[in-house]
Amino acid sequence: MGKIFSAFIYVLLLIICVFSAILVFPAYRKYVNTTVEVSELTERLDRKKAECLALQQEIHDLEHRASATEKVARERFRLCREGEQIYIYTE
């Protein structure tokens with residue numbers, strides 16, 4: 001009777017462990033996927049913050065530095081000062 005009872009307890013514990021693993025594994029997998037997604041979003045947020053700071057600096061320079069405004073006018077709109085000539089080289 002004692003051996004049957006202890007065998008029953010071992011089988012019961014084994015069944016409990018198997019069902020626990022079956023129930024915990026999907027939650028663990030979801031946790032790992034969420035952690036990876038959070039990491040990717042954090043990296044993306046850091047890149048966007050850096051881009052935002054660069055744009056804010058560019059806006060500040062355009063508002064307060066004439067040389068920045070002149071640079072934009074020359075590079076983007078191909079404007080020049082009176083008497084200057086623009087040379088465009090093509091390959």
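Overview of the structure.

Cut-off values and rules
- Residues numbered from 1 in each chain as written.
- Predicted model: local features only at pLDDT ≥ 70, side-chain atom pairs only at ≥ 80, totals over all residues.
- Heavy atoms only, no water.
- Patch = residues over 30% accessible without salt bridge, like charges linked within 9 Å, V, L, I, M, F, W, Y side chains within 5 Å.
- Areas by Shrake-Rupley, 256 points an atom, 1.4 Å probe, with all protein chains shown as cover.
- Salt bridge = Lys/Arg side-chain N within 4 Å of Asp/Glu carboxyl O.
- Helix = DSSP H or I, 4+ residues; strand = E, 2+ residues; numbered from the N terminus.
- Buried < 20%, exposed > 50% of the residue type's maximum accessible area, 1.4 Å probe, protein only.
- Expected span 1.5 Å × (residues − 1).

1. What about a nonpolar patch on the surface?
Phase 1: The grouping of F5, F8, I9, Y10, L12, L13 and I16 at the surface amounts to a nonpolar patch, some 730 Å² of accessible area in total.
Phase 2: Take F8: it is sitting in helix α1 (residues 2-64).
Phase 3: Residue classification places F8 among the exposed residues on the basis of a relative accessible area of 51%.

2. Some points on helix α2 (residues 66-77)
Residue pairs three or four apart in sequence face the same way in an α-helix, which turns once every 3.6 residues.
Phase 1: Taking 1.5 Å of rise per residue, the 12 residues of α2 would be expected to cover 16 Å, and the 16 Å separating its terminal C-alpha atoms lies within 8% of that figure.
Phase 2: Once α2 ends, the next one or two residues include R78, with phi positive near 50°.

3. A closer look at unusual backbone geometry
Phase 1: Positive phi, close to 50°, is recorded for R78, a residue that is not glycine.
Phase 2: With respect to the helices, strands and loops of the structure, R78 is situated in the segment after α2.
Phase 3: Classification of R78 as exposed rests on a relative accessible area of 54%.

4. A look at the pattern of salt bridges
Phase 1: In the structure shown here, the tally under the stated rule is 6 salt bridges.
Phase 2: Note that K48 is salt-bridged to E51, the shortest N-O span being 3.9 Å. Of the two residues, K48 and E51 are both situated in helix α1; the distance of 3 residues between them amounts to about one turn of the helix.
Phase 3: According to the relative accessible area criterion, K48 is partly exposed, its value standing at 47%.
Phase 4: Of the charged contacts, one joins R81 and E70 as a salt bridge, the two residues approaching to 3.0 Å between their closest N and O atoms. Here R81, found in the segment after α2, pairs with E70, found in helix α2; they are 11 residues apart in sequence, far enough to count as distant.
Phase 5: Overall, R81 belongs to the exposed group, its relative accessible area being 52%.
Phase 6: Residue E70 is classed as partly exposed on the basis of its relative accessible area of 28%.
Phase 7: Ionic contacts of the salt-bridge type, sharing partners, join the residues E70, R74, R81 and E84 into one network.

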